[in-house]
Amino acid sequence: MSSDPIRDEIRALELSGIMKIAATALEDPEVIPLWFGESDLVTPEFVRRAAVRALEAGRTFYAHPRGIVPLREAIRRYLERLYGIAVHPDRIHVPGSTMLTVTVAGQCLLAPGREILLIGPYWPNIRNVARVCGAAVREVRLEEGPDRWWLDLDRVAAAIGPRTRAVYVNSPSNPTGWIASREELAALVALCRRHGLGLISDEVYHRHVLDDPGGVAPSVLPLVEEDEPVFVLNGFSKAWAMTGWRIGWMVAPRRLVEPLAVLAECDNTGATVFAQWGALAALEEPEGEAFVRDFVARCARNRDRVMAVLGAHPRVRLLRPEGAFYAFPRIEGLDDGLAFCRRVLAEARVGIAAGYGFGEGNAAHVRLCFAIAPERLETALARLLAVLEGEGSAPRRRR
Ligand SMILES: Cc1ncc(COP(=O)(O)O)c(C=O)c1O
């Protein structure tokens, strides 16, 4: 046993390929940041006003660790509107950020000696949650078809071992933009049922269906019984441009209502109260849906530009993103993605993320977020192309 009382799993944690690049130039105004999953839109005013009103009304006290009742009620109504189903109030939790719901789901399912299957390419933080819980990770990568990503369920089934306890799926997907069909999700749910596995379905990009602004992606929620070991995760960051608010929700097995209240107490003792009043406005005010529709339409137009400009480059293989707001191109001949991203940052002043952190088989990929203003995106793409063209030539001066 190591003499250091700090757990090995904690000492081994490393910044992701996103943060390794971003941390070096976060405050640099010259850099066009495409590394994080957010747009340059400030949260809509009607949401900000609602939070300000809550502050002015003195809503500054502890609240229920599972979230304020009006917000949980609003989430229940929202889910009914979206999917036509009635979710029992005991299943809805607002412990803090969507990220925290990932952690909570991990805490429920993962422990040393257990293993989770990650459908990849996946968002790096889920791997870190598994590590922090002491669990092992096995990956099943989506298949790259001629024009879209797809899930081979047989490969998922073949990867299930004696220690497997859970599967993580994220659709619409960060980083690929893959959207699982209802049939794919139903088959995955059936597979988990057959093998007695928990399922974490991360649906934080549920409104980012690029070919249907205002629409919603298929969810596992209508497919599962209320006490199955399934955690459906969601949040406000992506659809309503609320990344800094740190607020999300989860729908969990009903039987866990009390344990999850205790976990929420341990983890954060609930989400920030005035932020919850803002989140309530995002769901309930009519401007909320209009914002989502316009924002997703903008992302769809940006996706088309990324396909036309970057996707057409001879060194780039890029499957058309169906959802979320990322492009995950493979760059021919790329063997050190981190070095390439550093070069893009230094020469082009554009921040992108290295693919290796998104799981096995992604070393030649990079990820860029295309949710920013179209003009800035055009500039970023032009600069990125210039680096691609210049690869192999002498380094250029900083612009
Ligand atoms: C797949 C996925 N899940 C969860 C999150 C966490 O979202 P939040 O910022 O709301 O905590 C992100 C953020 O990028 C994400 O991409």
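Keep in mind that what you see is a predicted model, and the values were worked out from it rather than measured.

> Would you explain the packing of aromatic side chains in this entry?
Centre distance and the angle of the planes are the two values used to describe a pair of aromatic rings. This model, assessed by the stated rule, comprises eleven aromatic pairs. Taking the centre distance of 5.5 Å and the plane angle of 85° together, the rings of Tyr205 and Phe325 count as edge-to-face. In this pair, Tyr205 is assigned in the loop between strand 8 (198–202) and strand 9 (230–235) and Phe325 in the loop between strand 11 (316–317) and strand 12 (326–327), connecting sequence segments 120 residues apart. Its relative accessible area of 3% is what places Tyr205 among the buried residues.

> Explain the sheet that holds strand 15 (residues 353–354) to me, please; I cannot follow it from the model alone.
Hydrogen bonds between backbone groups are what pair the strands of a sheet, and the pairing can be parallel or antiparallel. One open sheet holds the three strands; their spatial order is 12-16-15, and the pairing between them is antiparallel. Unpaired on one side and paired on the other, strand 12 and strand 15 mark the two borders of the sheet. Direction of pairing for strand 12 relative to strand 16 (residues 366–369): antiparallel, over a ladder of two bridges. Paired with Tyr326 across the strands is Cys369, a residue of strand 16.

> For this particular structure, what's the right way to read the pattern of salt bridges?
Pairs may arise between side chains of opposite charge once their charged atoms sit close together. With the rule as written, the count across this model stands at 28 salt bridges. A salt bridge links Arg11 to Asp4; the shortest N-O distance between them is 3.2 Å. Between Arg255 and Asp227 there is a salt bridge; the shortest N-O distance is 3.8 Å. Here the residue Arg255 occupies a position in the loop between strand 10 (248–251) and helix 9 (257–267), and Asp227 occupies one in the loop between strand 8 and strand 9, the gap between them amounting to 28 residues. By sharing partners, the salt bridges in this structure join Glu73, Arg76, Arg77, Glu80 and Glu284 into a single network.

> I tried to follow a nonpolar patch on the surface on my own but got confused; where do I start?
Among the surface-exposed residues, Ile6, Ile10, Leu13 and Val132 lie close enough to one another that they form a single nonpolar patch of about 280 Å² accessible area. Checked against the element boundaries, Leu13 lands in the loop between helix 1 (8–11) and helix 2 (19–22).

> Looking at this structure, how should I read the pairing of strand 9?
Along a regular strand, successive side chains alternate from one face of the sheet to the other. Within strand 9, six of the six residues are buried, which leaves it mostly tucked inside the rest of the structure. Sheet topology places strand 8 next to strand 9; four bridges connect them, and they run parallel. In the strand pairing of strand 9, Asp202 is matched with Leu233.

> Can you walk me through the packing of helix 5 (residues 98–109) against helix 9 in this structure?
Packed helices, taken two at a time, are described by their axes: the angle between them and the distance between them. The interhelical angle for the contact between helix 5 and helix 9, taken along N-to-C directions, is 125°, at an axis separation of 11 Å. One element, helix 5, and the other, helix 9, form an angle in the oblique class. For the pair helix 5 and helix 9, the crossing hand works out as right-handed. Each of Leu100, Val104, Gln107 and Cys108 in helix 5 lies in contact with helix 9, whose residues at this interface are Leu260, Leu263 and Asp267. Taken together, the residues of the contact of helix 5 with helix 9 break down into five nonpolar, one polar and one charged.

> What is the right way to read helix 5 from this model?
Each turn of an α-helix holds 3.6 residues, which means side chains three or four residues apart point in the same direction. Here helix 5 is twelve residues long and its end C-alpha atoms lie 17 Å apart, about the 16 Å a rise of 1.5 Å per residue gives. Taken together, the buried positions of helix 5 are occupied by Thr98, Leu100, Thr101, Val102, Val104, Ala105, Gly106 and Leu109.

> When you look at the environment of Leu117 in this model, what are you seeing that I'm missing?
Looking at where Leu117 falls in the secondary structure, it is placed in strand 3 (residues 115–120). When the C-alpha atoms of Leu117 and Leu153 are compared, they prove to be 12 Å apart, with 36 residues separating the residues in sequence. Not counting residues within four places of it along the chain, the set of residues in contact with Leu117 comprises Arg138, Val156, Ala159, Ile160, Thr164, Ala166, Val167 and Tyr168.

> Looking at this structure, I do not really get the site of the ligand. What am I missing?
What surrounds the ligand is a group of 13 residues, the closest being Thr98, Asn174, Asp202, Tyr205 and Ser237. With respect to the ligand, the side chain of Thr98 contributes an N or O atom lying 2.6 Å from an oxygen atom. Asn174 places a polar side-chain atom, nitrogen or oxygen, 2.7 Å from an oxygen atom of the ligand. A total of 390 Å² of accessible area belongs to the ligand in isolation, and the protein chains cover 94% of it. Classifying every residue of the shell around the ligand gives five nonpolar, five polar and three charged.

> Where do I start with the nonpolar core in this structure?
Generally speaking, soluble globular proteins have nonpolar side chains that are buried together. Core analysis: the largest hydrophobic core is formed by 112 residues, its most contacted members being Leu71, Phe236, Trp240 and Ile352. Among the elements that line this core, the one with the most residues is helix 11 (residues 286–309), at eight residues. Looking at which domains feed residues into this core, each of domain 1 (8–43 + 288–388) and domain 2 (61–285) gives three or more. The residues touching Phe236, leaving out its near neighbours within four places in the chain, are Leu71, Thr98, Ala241, Met242, Ile247, Gly248, Trp249, Ala279, Ala282 and Leu283. In terms of nonpolar packing, the next biggest core, distinct from the first, is built from 25 residues, Leu118, Tyr122, Ala135 and Leu260 among them.

> I would appreciate a short explanation of the domain arrangement of the protein chain in the present structure.
Where the parts come together, the accessible area they lose is often given as the size of the interface. Domain assignment breaks the protein chain into domain 1 (8–43 + 288–388) and domain 2 (61–285). Between the C-alpha centres of domain 1 and domain 2 the distance comes to 23 Å. The interface of domain 1 with domain 2 comprises 44 residues on the first partner and 42 residues on the second. Buried area between domain 1 and domain 2, both sides added, is near 3600 Å², and the carbon and sulfur share of it is 55%. Across the contact surface, domain 1 and domain 2 share six salt bridges. Of the charged contacts in the structure, one is a salt bridge between Glu144 and Arg330, with a shortest N-O distance of 3.5 Å. Between domain 1 and domain 2 we count 24 residue pairs in polar contact (both at pLDDT 80 or more) in total.

> Help me out: how do you make sense of helix 4 (residues 69–83) in this one?
Spanning 15 residues, helix 4 covers 21 Å between terminal C-alpha atoms, matching the ideal 21 Å at 1.5 Å per step. Regarding helix 4, the residues found buried are Leu71, Arg72, Ala74, Ile75, Arg76, Tyr78, Leu79 and Tyr83. Summarising the contacts, the buried residues of helix 4 are in contact with strand 2 (92–96), strand 10, helix 10 (273–284) and helix 11. Looking one or two residues beyond helix 4, the residue adopting positive phi is Gly84, at roughly 65°.

Rules of the game
Residues numbered from 1 in each chain as written. Predicted model: local features only at pLDDT ≥ 70, side-chain atom pairs only at ≥ 80, totals over all residues. Heavy atoms only, no water. Phe/Tyr/Trp six-rings, centres within 6.5 Å; stacked < 30°, edge-to-face > 60°. Helix = DSSP H or I, 4+ residues; strand = E, 2+ residues; numbered from the N terminus. Buried < 20%, exposed > 50% of the residue type's maximum accessible area, 1.4 Å probe, protein only. Pairing = 2+ DSSP bridges. Salt bridge = Lys/Arg side-chain N within 4 Å of Asp/Glu carboxyl O. Patch = residues over 30% accessible without salt bridge, like charges linked within 9 Å, V, L, I, M, F, W, Y side chains within 5 Å. Areas by Shrake-Rupley, 256 points an atom, 1.4 Å probe, with all protein chains shown as cover. Axes fitted to C-alpha atoms, helices over the stretch in contact; angles between N-to-C directions. Parallel < 35°, antiparallel > 145°, perpendicular 65-115°, else oblique. Left-handed = near helix turned anticlockwise from the far one by under 90°. Contact = heavy atoms within 4.5 Å. Nonpolar A, V, L, I, M, F, W, Y, C, P; charged D, E, K, R; others polar. Expected span 1.5 Å × (residues − 1). Near = heavy atom within 4 Å. Polar contact = N/O pair within 3.5 Å; in protein donor to acceptor, adjacent residues only side chain to side chain. Core = buried A, V, L, I, M, F, W, Y, C linked by side-chain atoms within 4.5 Å. Domains from an automatic or database assignment. Buried area = accessible area lost by both parts, 1.4 Å probe.

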